[in-house]
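Chains, contacts and geometry: an overview
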Amino acid sequence: MKIKSHLKNLSPYPPGKTVNEIRKELNLSGKIYKMNSNENPLGPSPKVIEAIKDCLSQVHHYPEASYRELKKALAEKWNVLPEQIILGNGSNEIIEFIFKALVNPGEEIIVSNPSFLMYEKFAQIYGVNIKSIPLTENLTHNFDEILKNISEKTKVIFLDHPQNPSGSVLNREAWKTFLKKVPPFTLVVVDEAYGEFINDPSIPLGIEFLKDSYKVLILRTFSKAYGLAGLRLGYGITFLELSKILDLVRQPFNINLLAYKAGLAVLQDKEYIEKSIKLVIEGRKYLTESLTDLGFRVYPSQANFIMVDFGEKAEKIYQELLKRGILIRSLKAYGYPNALRISIGLPEENRILVENIKKLI
Ligand SMILES: Cc1ncc(COP(=O)(O)O)c(C=O)c1O
């Protein structure tokens with residue numbers, strides 16, 4: 001047996017720790033505040049729980065292969081054709097479909113540095129070269145540098161919008177100027193995993209660009225605002241020529257029955273979705289203001305997390321919060337040893353976090 005040589009340096013994705021892992025590692029017995037993985041702090045929608053209970057007795061059957069109802073519901077939401085929707089086992093899986101369908105070994109992708117790690121991970125798995133373009137000083141995508149780095153081998157540019165881990169976004173004019181200059185052989189992926197939390201009207205959504213006939217693919221997920229991270233459900237929206245091939249490289253039944261029914265149920269629970277978004281927008285404002293008042297640099301965020309520069313205190317704050325059962329994300333692995341990423345929690349969780357940081361400094 002010989003493992004492919006380009007896989008030799010592959011390292012695992014560093015996931016946020018679960019509540020149970022932390023409990024065991026640190027021997028903690030009290031409440032744990034999980035503010036490290038950008039999940040929905042409300043828990044699942046009650047409609048999802050009901051829908052899952054209803055279909056538990058059917059799990060010996062395969063799900064309906066075409067996922068017609070879910071595609072139809074999403075197509076109605078975005079005013080596109082159901083055939084333009086691609087469903088994935090998390091939006092992560094759609095990132096992989098893009099590699100399967102569009103990028104040959106030795107060709108290249110462009111990503112921002114840092115950015116969501118899975119773009120690079122899949123590039124490594126598929127033997128694809130990565131051009132990694134540092135963010136600007138404000139931690140936004142550097143469109144000018146990205147454009148300069150496009151070559152005839154550049155098949156895809158992955159751009160998370162809002163950006164992970166900074167939460168930054170770029171305005172309509174910047175996007176349009178950029179997209180006009182991208183050559184037709186390069187696909188732009190607008191990854192809107194956190195798109196629901198954008199509340200600044202000057203910030204566009206990728207769907208606008210798709211409708212203006214730009215060659216874009218929009219990624220969306222049920223893991224954040226829709227509270228289904230554990231079930232794994234995401235989708236892409238794109239032009240027909242691409243959606244058709246992405247649907248063909250997908251294995252049959254890639255969405256399990258529970259995720260399928262849960263997705264349908266949560267889409268109908270408008271009250272839950274509105275509540276989730278409101279909670280994030282209010283919590284983001286509260287945490288941004290409170291931590292700025294304490295003297296820290298908080299990067300403006302349109303996501304369900306904020307990135308905070310704690311200077312030399314970062315590691316100590318991270319470790320001390322951990323001991324108190326408050327989990328946030330260290331950004332050392334992203335190249336920011338002085339910064340921490342905090343997922344917006346329930347109002348009570350946000351308040352406890354701020355109180356604890358106050359005590360620590
Ligand atoms: C920018 C970005 N894209 C995609 C994902 C993947 O989400 P999913 O759970 O749908 O695979 C994440 C998850 O954290 C993310 O931060």
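Residues numbered from 1 in each chain as written. Predicted model: local features only at pLDDT ≥ 70, side-chain atom pairs only at ≥ 80, totals over all residues. Heavy atoms only, no water.

1. Some thoughts on the pairing of strand β10 (residues 305-309)
Side-chain positions along a regular strand alternate between the two faces of the sheet. As a reminder of what qualifies: Under the scheme applied here, a residue whose accessible area is under 20% of the maximum for its type counts as buried, over 50% as exposed, and between as partly exposed, the area being computed with a 1.4 Å probe on protein chains only. Under the scheme used here, helices are H or I runs from DSSP no shorter than 4 residues and strands are E runs no shorter than 2 residues, and both carry numbers assigned from the N terminus. Paired strands, in this sense, are two strands between which DSSP finds at least two bridges.
With four of five residues buried, β10 lies mostly within the body of the structure. Relative to β10, strand β9 (residues 297-298) runs antiparallel, the two being bridged by two bridges. Bridging across to β10, Arg 297 finds its partner in Asp 309. The loop that links β9 with its antiparallel partner β10 comprises six residues.

2. Observations concerning the site of the ligand
Just so we agree on the cut-off: Residues are counted as near a molecule or strand when any one of their heavy atoms sits within 4 Å of it. Pairs of N or O atoms within 3.5 Å make up the polar contacts considered here, provided that, within protein, one atom can donate a hydrogen while the other can accept it, and that residues adjacent in sequence are counted only when both atoms are side-chain atoms. Gly is put with the polar residues, along with every residue not named as nonpolar or charged; the nonpolar set is Ala, Val, Leu, Ile, Met, Phe, Trp, Tyr, Cys and Pro, and the charged set is Asp, Glu, Lys and Arg.
In the vicinity of the ligand there are 13 residues, among which Ser 91, Asp 191, Tyr 194, Thr 221 and Ser 223 approach most closely. A distance of 2.9 Å separates an oxygen atom of the ligand from a polar atom in the side chain of Asn 164. Between Lys 224 and the ligand, the recorded distance is 3.0 Å, taken from a side-chain N or O atom to an oxygen atom. The residue inventory of the shell around the ligand, partitioned by class, reads three nonpolar, six polar and four charged.

3. A word on the sheet that holds strand β13 (residues 339-343)
Note the threshold: Contact between two residues is taken to exist if any of their heavy atoms lie within 4.5 Å; hydrogens are not considered. In this description, a line fitted to the C-alpha atoms serves as the axis of each element, helices being fitted only across the stretch in contact, and the angle between N-to-C directions of two axes falls anywhere from 0 to 180 degrees.
The strand order across the open sheet formed by four strands is β9-β10-β13-β12, and the pairing between neighbours is antiparallel. In the strand order of this sheet, the two ends are held by β9 and β12 (329-330), each with one partner. Here β12 pairs with β13 via two bridges, running antiparallel. Bridged to Ser 330 within β13 is Leu 340. Most of the contacts of helix α11 (residues 270-293) go to β10, to which it runs at about 10°, and overall it touches β9, β10 and β13. Against the sheet, helix α12 (residues 314-323) contacts β12 and β13, and its axis sits at roughly 40° relative to β13.

4. Some details on the nonpolar core
To be explicit about the condition: The term nonpolar core refers to a set of buried residues drawn from Ala, Val, Leu, Ile, Met, Phe, Trp, Tyr and Cys, joined through side-chain atoms within 4.5 Å.
Phe 158, Trp 175, Phe 178, Val 188, Leu 217, Phe 222 and Ile 342 are the most contacted members of the largest nonpolar core, which totals 109 residues. Of the residues forming this core, the biggest block, seven residues, is contributed by helix α10 (residues 257-268). Those residues in contact with Val 188 that sit more than four places away from it in its chain are Ile 157, Leu 159, Trp 175, Phe 178, Leu 179, Val 182, Lys 215, Val 216 and Leu 217.

5. Overview of the sheet that holds strand β6 (residues 187-191)
Taking strand neighbours across the sheet as the criterion, the seven strands line up as β2-β8-β7-β6-β5-β3-β4 in an open arrangement whose pairing is mixed. With partners counted over all chains shown, the strands left at the sheet margins are β2 (85-88) and β4 (129-134), one partner each. Recorded for the sheet is a direction-independent mean angle of 20° between the axes of neighbouring strands. Against the sheet, helix α9 (residues 240-248) makes contact with β2, β6, β7 (216-221) and β8 (234-238), and its axis sits at roughly 145° relative to β8, the strand it touches most.

6. Notes on the side chain of Ser 112
Relative to the helices and strands, Ser 112 is located in strand β3 (residues 108-113). In this structure the side chain of Ser 112 is engaged in a polar contact, spanning 2.6 Å, whose partner is the side chain of His 141. When residues no more than four places from it in sequence are discounted, the contact partners of Ser 112 are Ile 133, Leu 135, His 141, Ile 146, Phe 158 and Leu 159.

7. With respect to the packing of aromatic side chains
Each aromatic ring pair is characterised by the separation of its centres together with the angle its planes make. Using the following cut-off: Ring pairs are drawn from Phe, Tyr and Trp, using the six-membered ring of Trp, whenever the two centres fall within 6.5 Å, and their geometry is named by plane angle: stacked under 30 degrees, edge-to-face over 60, tilted for the rest.
Counting across every chain of the model gives 17 aromatic pairs. Ring geometry for Phe 99 against Tyr 126: centres 6.0 Å apart, planes inclined by 15°, an arrangement best described as stacked. Placement of Phe 99 in helix α4 (residues 91-102) and of Tyr 126 in the loop between α5 (118-125) and β4 is noted, with a sequence separation of 27 residues between them. By relative accessible area, Phe 99 is classed as buried at 1%. Ring centres 5.0 Å apart and planes at 55° place the aromatic pair Phe 222 and Tyr 226 in the tilted group.

8. With respect to the domain arrangement of the chain
By a widespread convention, an interface's size corresponds to the accessible area lost as its parts come together. Using the following cut-off: Each domain's limits were defined by an automated method or a database of domain assignments. A 1.4 Å probe defines the accessible area here, and the buried area is the portion of it lost by two parts on being joined, summed over both.
Segmenting the chain into domains produces domain 1 (16-43 + 271-360) and domain 2 (46-268). Centre-to-centre separation of domain 1 and domain 2, based on C-alpha positions: 25 Å. Each side of the interface is counted separately: domain 1 has 24 residues, and domain 2 has 28 residues. At the boundary of domain 1 with domain 2, total buried surface from both sides reaches about 2100 Å², with 62% on carbon and sulfur atoms. Counting the contacts that link domain 1 with domain 2 gives ten residue pairs in polar contact (both at pLDDT 80 or more). Contributions of two or more residues to the side of domain 1 that touches domain 2 are made by α11 and β10. In terms of residue count, the dominant contributor to the side of domain 1 that touches domain 2 is α11 (seven residues). Looking at side-chain class alone, the side of domain 1 that touches domain 2 contains 13 nonpolar, seven polar and four charged residues.

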